[in-house]
Amino acid sequence: MCFDTQSTNQALIPNLPFDAKKDFAPVMLIGTAPMMIAAHNAQPFKTFSDVVNASKAKPDSLGYGTIGTGSLGHLAMVQLQGIGGFKVTHVPYKGGGPLMQDAIANHVPLAIGSTFVVSPHVKSGALRPLAVTSLKRDPTFPNIPTVAEQGFPGYSAEAWWGLFAPAGTPPAIIDRMNAEVAKVLKTPDARDKLSAQGMDLVGSSPADLAKFFAGEVARWSKVISDNNIKAGE
């Protein structure tokens with residue numbers, strides 16, 4: 001079981017001892033989840049558009065925290081800066097816990113992370129939500145606009161979880177695995193638990209995961225290469 005770093009590690013980590021595209025056989029895209037961009041309530045921003053406008057007026061005056069260099073949140077913000085022509089400073093943390101601690105203490109003005117990480121602090125009122133990174137609004141947070149609605153039409157960047165097997169696994173076994181996991185995802189218990197963690201269940205075919213994965217690898221590898229992003233920096 002892998003998540004979105006599977007599509008970025010090849011470009012991000014030198015001398016990785018495996019090739020994600022060659023050494024794994026896609027089984028199923030389990031689900032996806034948007035990321036959420038939020039600000040401390042003491043900050044003046046009401047929307048993500050406010051952030052873009054403020055940073056254009058004074059480049060690098062704002063910092064945004066993520067769970068680490070090369071994380072999906074980091075790469076998405078780098079891509080958005082390139083599209084929107086604005087500049088904010090990346091502040092990497094070692095995981096969601098430290099990021100949220102500093103965000104709710106207003107030590108970092110902006111934070112981007114999965115809805116699972118950020119939303120509890122939005123619900124508590126400690127953070128103000130500015131945008132979600134899915135193409136459509138999150139049904140759980142229907143009042144939070146998307147990035148696409150705020151000057152980035154068509155934009156989406158979502159966390160994802162996928163099931164893979166070793167390359168060379170017989171197609172019949174891949175199909176059996178896919179069918180059995182699909183049965184599990186249809187059970188109320190599984191659906192409720194995964195949905196509670198902010199996941200939008202997909203349950204794709206192996207071929208659909210293969211296509212999705214190839215697109216994610218190409219997309220984020222280009223962002224990493226074009227911006228010379230290195231793991232751990």
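Refer to the preceding data block for the structure.
Residues numbered from 1 in each chain as written. Predicted model: local features only at pLDDT ≥ 70, side-chain atom pairs only at ≥ 80, totals over all residues. Heavy atoms only, no water.

Participant: Help me understand the overall build of the protein chain, please; the structure alone is not making it clear to me.
Facilitator: Looking only at helices and strands, the protein chain has eight helices and eight strands in total. Based on the C-alpha atoms only, the size of the protein chain along its principal axes is roughly 55 × 40 × 30 Å. In the protein chain, buried positions account for 46% of the 233 residues. About 11,200 Å² of surface is accessible on the protein chain, with carbon and sulfur atoms providing 57% of the total. The average position of the 20 basic charges and that of the 18 acidic charges among the side chains of the protein chain differ by 3 Å. (Helix = DSSP H or I, 4+ residues; strand = E, 2+ residues; numbered from the N terminus. Buried < 20%, exposed > 50% of the residue type's maximum accessible area, 1.4 Å probe, protein only. Areas by Shrake-Rupley, 256 points an atom, 1.4 Å probe, with all protein chains shown as cover. Lys, Arg positive; Asp, Glu negative; His and termini not counted. Charge placed at Lys NZ, Arg CZ, Asp CG, Glu CD.)

Participant: Just checking my understanding: could you explain the pattern of salt bridges for this structure?
Facilitator: Any two side chains of opposite charge can pair, given that their charged atoms come close. Inspection of the entire model under this criterion finds five salt bridges. Glutamate 180 serves as the salt-bridge partner of arginine 176, at 3.0 Å between the closest nitrogen and oxygen. Placement of both arginine 176 and glutamate 180 in helix α6 (residues 171-185) is noted, with a separation of four residues, approximately one turn of the helix. Given the relative accessible area of 54%, arginine 176 is considered exposed. (Salt bridge = Lys/Arg side-chain N within 4 Å of Asp/Glu carboxyl O.)

Participant: Mind showing me how you'd approach the environment of valine 118 here?
Facilitator: With respect to the element layout, valine 118 can be found in helix α5 (residues 115-123). For valine 118, a relative accessible area of 0% puts it in the buried group. When the C-alpha positions of valine 118 and aspartate 208 are compared, they lie 29 Å apart, and in sequence the two are 90 residues distant.

Participant: How should the packing of aromatic side chains be read in this particular structure?
Facilitator: For any pair of aromatic rings, the description consists of the separation of the ring centres together with the inter-plane angle of the planes. In total, this model carries nine aromatic pairs according to the counting rule given. Considering the side-chain rings of phenylalanine 18 and phenylalanine 24, the 5.6 Å spacing of their centres and the 85° angle between planes classify their relative orientation as edge-to-face. Judged by relative accessible area, which is 27%, phenylalanine 18 ranks as partly exposed. Under the relative-accessibility criterion, phenylalanine 24 is labelled partly exposed at 27%. With 5.6 Å between their ring centres and 90° between their planes, tryptophan 160 and phenylalanine 212 make a pair best called edge-to-face. Taken together, the residues span a long stretch of sequence, with tryptophan 160 in strand β7 (residues 158-166) and phenylalanine 212 in helix α8 (residues 206-226) at a distance of 52 residues. By relative accessible area, phenylalanine 212 is classed as partly exposed at 25%. (Phe/Tyr/Trp six-rings, centres within 6.5 Å; stacked < 30°, edge-to-face > 60°.)

Participant: Mind showing me how you'd approach the pairing of strand β2 (residues 24-40) here?
Facilitator: Each regular strand carries side chains that alternate between the two faces of the sheet. Most of β2 is tucked away, with 15 of its 17 residues classed as buried. One ladder, built from nine bridges, connects β2 with β7; its direction is antiparallel. From the neighbouring strand, proline 26 faces β7, where its bridge partner is phenylalanine 164. As judged from the two bridges shared by β2 and strand β8 (residues 200-201), these two strands associate in the antiparallel manner. Each residue of the ladder has a partner; that of glycine 31, found in β8, is leucine 201. Where β2 meets strand β5 (residues 110-114), five bridges bridge the pair, whose relative direction is antiparallel. By the bridge assignment, methionine 35 is partnered in β5 with serine 114. Pairing of β2 with strand β6 (residues 127-132), which is carried by five bridges, proceeds in the antiparallel orientation. Among the inter-strand pairings, isoleucine 37 is bridged to a residue of β6, identified as alanine 131. (Pairing = 2+ DSSP bridges.)

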